[in-house]
Amino acid sequence: MAVRGLSLEVAAGSIVGLVGPNGAGKTTTLRALAGIIPPTRGRLSIAGHDIVSDPIAAKSRLAFIPDEPCLFDVLTVWEHLEFTASVYRVSDFCAEAERLLTQFELIEKRDTIAQELSRGMRQKVAICCAYLHQPEAILFDEPLTGLDPRAIRTLKESIRQRAAAGAAVMVSSHLLDLIDDLCTHLLLMHRGQCLFQGTLQEAKSKLAEHGATDGSLEDFFFQLTERTN
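Residues numbered from 1 in each chain as written. Predicted model: local features only at pLDDT ≥ 70, side-chain atom pairs only at ≥ 80, totals over all residues. Heavy atoms only, no water.

Quick look at the overall build of the chain
Phase 1: For the chain, the helix and strand inventory stands at nine helices and eight strands.
Phase 2: Radius of gyration (C-alpha) of the chain: 18 Å, near the 17 Å computed for a compact globule of 229 residues.
Phase 3: Overall, the chain is about 55 × 40 × 30 Å in size when its C-alpha atoms are taken along their principal axes.
Phase 4: Within the chain, the fraction of its 229 residues that count as buried is 46%.
Phase 5: Of the contacts made within the chain by residues no fewer than 6 positions apart, 68% connect residues no fewer than 24 positions apart.
Phase 6: Each charge class in the chain was averaged separately, 23 positive and 29 negative side chains, and the resulting centres sit 4 Å apart. (Helix = DSSP H or I, 4+ residues; strand = E, 2+ residues; numbered from the N terminus. Rg over C-alpha atoms; globule rule 2.2 N^0.38 Å. Buried < 20%, exposed > 50% of the residue type's maximum accessible area, 1.4 Å probe, protein only. Contact = heavy atoms within 4.5 Å. Lys, Arg positive; Asp, Glu negative; His and termini not counted. Charge placed at Lys NZ, Arg CZ, Asp CG, Glu CD.)

Details of the pairing of strand S8 (residues 193-199)
Phase 1: Judged from the six bridges that link them, strand S7 (residues 185-190) and S8 form a sheet pairing that is antiparallel. Paired with His185 across the two strands is Thr199, which belongs to S8.
Phase 2: Where S7 folds back onto S8 in an antiparallel hairpin, the turn is made up of two residues, including Arg191, whose phi is positive at roughly 55 degrees. (Pairing = 2+ DSSP bridges.)

Here we look at the environment of Asp180
Phase 1: With respect to the helices and strands, the residue Asp180 is situated in helix H7 (residues 176-182).
Phase 2: A residue is classified by how much of its surface remains accessible, and Asp180, at 31% relative accessible area, is partly exposed.
Phase 3: Placed 21 residues apart in sequence, Asp180 and Gln201 show a C-alpha to C-alpha distance of 9.9 Å.
Phase 4: Once you skip the residues sitting within four places of it in the chain, Asp180 turns out to touch Leu200, Lys204 and Leu217.

Thoughts on the environment of Leu176
Phase 1: On the secondary structure map, Leu176 appears in helix H7.
Phase 2: Taking the C-alpha atoms as reference points, Leu176 and Leu144, 32 residues apart in sequence, are found 12 Å from one another.
Phase 3: With residues near it in sequence (within four places) discarded, Leu176 still touches Val19, Leu217, Glu218 and Phe221.

Focus on the packing of helix H3 (residues 77-87) against helix H4 (residues 94-103)
Describing two packed helices takes the angle between their axes plus the distance from one axis to the other.
Phase 1: Following both chains from N to C, one finds H3 and H4 inclined at 135 degrees, their axes separated by 11 Å at the closest point. What the angle tells us is that H3 and H4 run oblique. In the packing of H3 onto H4, the handedness of the crossing is right-handed. Here Val77, Trp78 and Leu81 of H3 lie close against H4, whose contacting residues are Cys94, Ala97, Glu98 and Leu101.
Phase 2: When grouped by side-chain class, the residues that make up the contact of H3 with H4 number six nonpolar, no polar and one charged. (Axes fitted to C-alpha atoms, helices over the stretch in contact; angles between N-to-C directions. Parallel < 35°, antiparallel > 145°, perpendicular 65-115°, else oblique. Left-handed = near helix turned anticlockwise from the far one by under 90°. Nonpolar A, V, L, I, M, F, W, Y, C, P; charged D, E, K, R; others polar.)

Considering the packing of helix H5 (residues 119-131) against helix H6 (residues 149-164)
Phase 1: Contact geometry for H5 and H6: axes closest at 12 Å, N-to-C directions at 15 degrees. It follows that H5 is roughly parallel to H6 by the angle criterion. Relative to H6, H5 is oriented so that their crossing is left-handed. Of H6, the residues touching H5 (which contributes Lys124, Ile127 and Tyr131) are Ala151, Leu155, Ser158, Ile159 and Arg162.
Phase 2: For the contact of H5 with H6, the residue count by class is five nonpolar, one polar and two charged.

Have a look at this one:
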């Protein structure tokens, strides 16, 4: 069983960091929330809509950016945005699309087909497409892969902006510094189960209870995961 006994709620405006060793169930959790993997039991809802019984309404309110950007090789950057706008029925999308391309420094690549883009640029196109319909829930799986330092800064700023505007965000990453810098809450998984769920401050307070006055998120991660090995 990949994930079991997991119960969580991601509030609007919060950024939850999803962490855990390889095989902990992080990607499975995100794919189930996105409606890609059907759950064998339990209930998953996005903005109040069940992902299984009401998938169109649920998926119209979410965006999922996987660890490997899934683009159409023969479509240009702009055609990806046109296609996304059509799928999500976003009218008058051009101004927002232009703004996103400017924000992620893709304006000069708007007429370039996807197969000619670098890994990092493909990632940025996927992010722009995900943001276009103003999703209420945003799921990231290892979002920094392939991004250069400027793009990393832009992405982190954009995530904070989306959360401030009311989106509920989940970020799965092995980069604990990213989680510490960006997230408001932490969900630590191991072997398909939740080991900790709460704010980052609560995680660090638990370390202090055990005498680690200057404990880091990395210390907390190893303390919990190694205890269950």
